[in-house]
Amino acid sequence: MFDIDTPPARSKRGDVSRPDDAPRRVPRALSNQEKAAVVVRLLLNEGADIPLEALPEDLQACLIKQMGSMGLVDRVTLDAVAEEFAEALEGIGLSFPHGLAGALSAMDGKINPTTAARLRREAGVRQMGDPWQRLRALPPEELAEIAEAESTEVAAVMLSKLDTTKAAALLGKLPGPVARRITYAISQTGKVTPEAVDRIGWSLAAQIDARPIQAFADRPEKRVGNILNQSPQTTRDQVMSALDEEDAAFAVSVRKMLFTFADIPRRVATRDVPAIIRVAEPNKLAVALAAATEGDEAAVAEFLLSNMSARMADNLRDEIRERGKIKRTDGESAMTALVAGIRTLEEEGALKLLDIDEEES
């Protein structure tokens, strides 16, 4: 690496002559690959976390082979390479991804999904990156569909690659016998090679790429549930009765999406009531509570009044008595507005609704 047995090379500064045993005064001429190996080695020595796994496999292999052949590099050459690298970084104004696949990944979520899918099909490219990272981003419902469609062994590998929270949620979406078979199959994955795991990951990711673009982001039961949440109770009851007759399984799924005024005591934690009261419009809150005089609705009013400050509860009770009987349409409108406010708090992360299944269990 020091070229002790060869004559000194001509540099931009002119000819340099030195004895064979004299220290080097000019940097050694290196190829771009050699410079890349020097920079990577220098950064690793300094403790930098370089995401080399993001590079294409052929570039990773090329880098490793080059580093294996470098041997020693003198300090003058090292300093020159580091300086050149720093100058190159300072001169960069903007960096674009390489190739159509990289561009599509960079624009993911920013362009029309249909356009992205068409460009991907026309170019014959797949999404880049770690396939398992993409799979981990899927909701448990979609992962459960994949697990049920695949063999038990493949599903066990997929379950092992998920974080524990997502894996537990996935198992909860599977039928009991299927979940037990997949869980047991994990015990048989001890000798699975990294190459096999990669192949499984890319195979599952390819299935994701091959799926047709969905016109709606939300699942059917969620869309119906959101509509019924904003509907009058009479309409909601009629629709759910019809769904029970037409498709009982779908009706059960829709009911899990419903969150109505009557659901507040079992879906809202008592500690979140003050936050709900703060964002509620005072006039509509009073109308909603004044209209809640019977059955489950009366229980909602008592739940809210019991978990707010005593002074505010007393003021609301006085206002409710003064208002007297409320028209049903006005009461339902105020209740819907209160439910919408709770949904907004949930979307903003200010509160989390309790899970119905957990409450029932």
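Residues numbered from 1 in each chain as written. Predicted model: local features only at pLDDT ≥ 70, side-chain atom pairs only at ≥ 80, totals over all residues. Heavy atoms only, no water.

Focus on a nonpolar patch on the surface
On the surface, a cluster of nonpolar side chains totalling about 340 Å² of accessible area is made up of Leu 43, Phe 85, Leu 89 and Ile 92. Residue position: Ile 92 is located in the loop between α3 (75-91) and α4 (99-106). (Patch = residues over 30% accessible without salt bridge, like charges linked within 9 Å, V, L, I, M, F, W, Y side chains within 5 Å. Areas by Shrake-Rupley, 256 points an atom, 1.4 Å probe, with all protein chains shown as cover. Salt bridge = Lys/Arg side-chain N within 4 Å of Asp/Glu carboxyl O. Helix = DSSP H or I, 4+ residues; strand = E, 2+ residues; numbered from the N terminus.)

Describing the pattern of salt bridges
A complete count under the given rule lists 13 salt bridges for this structure. The salt bridge partner of Glu 145 is Arg 219, with a shortest N-O separation of 3.5 Å. Here Arg 219 lies in the loop between α11 (194-210) and α12 (220-229) and Glu 145 lies in helix α7 (residues 140-149), a separation of 74 residues in the sequence. With a relative accessible area of 45%, Glu 145 lands in the partly exposed category. Its salt-bridge partner being Arg 328, residue Glu 297 comes within 2.8 Å of it at the nearest N-O pair. Of this pair, Glu 297 sits in helix α18 (residues 295-306) while Arg 328 is found in helix α20 (residues 328-347), placing the two residues 31 residues apart along the sequence. On the basis of relative accessible area, Glu 297 is assigned to the buried category, the value being 13%. Here Arg 328 falls in the partly exposed class, since its relative accessible area comes to 39%. Where salt bridges share partners, they join Glu 145, Arg 219 and Glu 221 into one cluster. (Buried < 20%, exposed > 50% of the residue type's maximum accessible area, 1.4 Å probe, protein only.)

Structural notes on the confidence of the model for the chain
For the chain, the average pLDDT comes to 83, and 88% of its residues sit at 70 or higher. In this model residues 1-17 is a low-confidence stretch, pLDDT under 50, and it forms 21 contacts with partners more than four residues away in sequence or in other chains. (pLDDT = per-residue confidence, 0-100. Contact = heavy atoms within 4.5 Å.)

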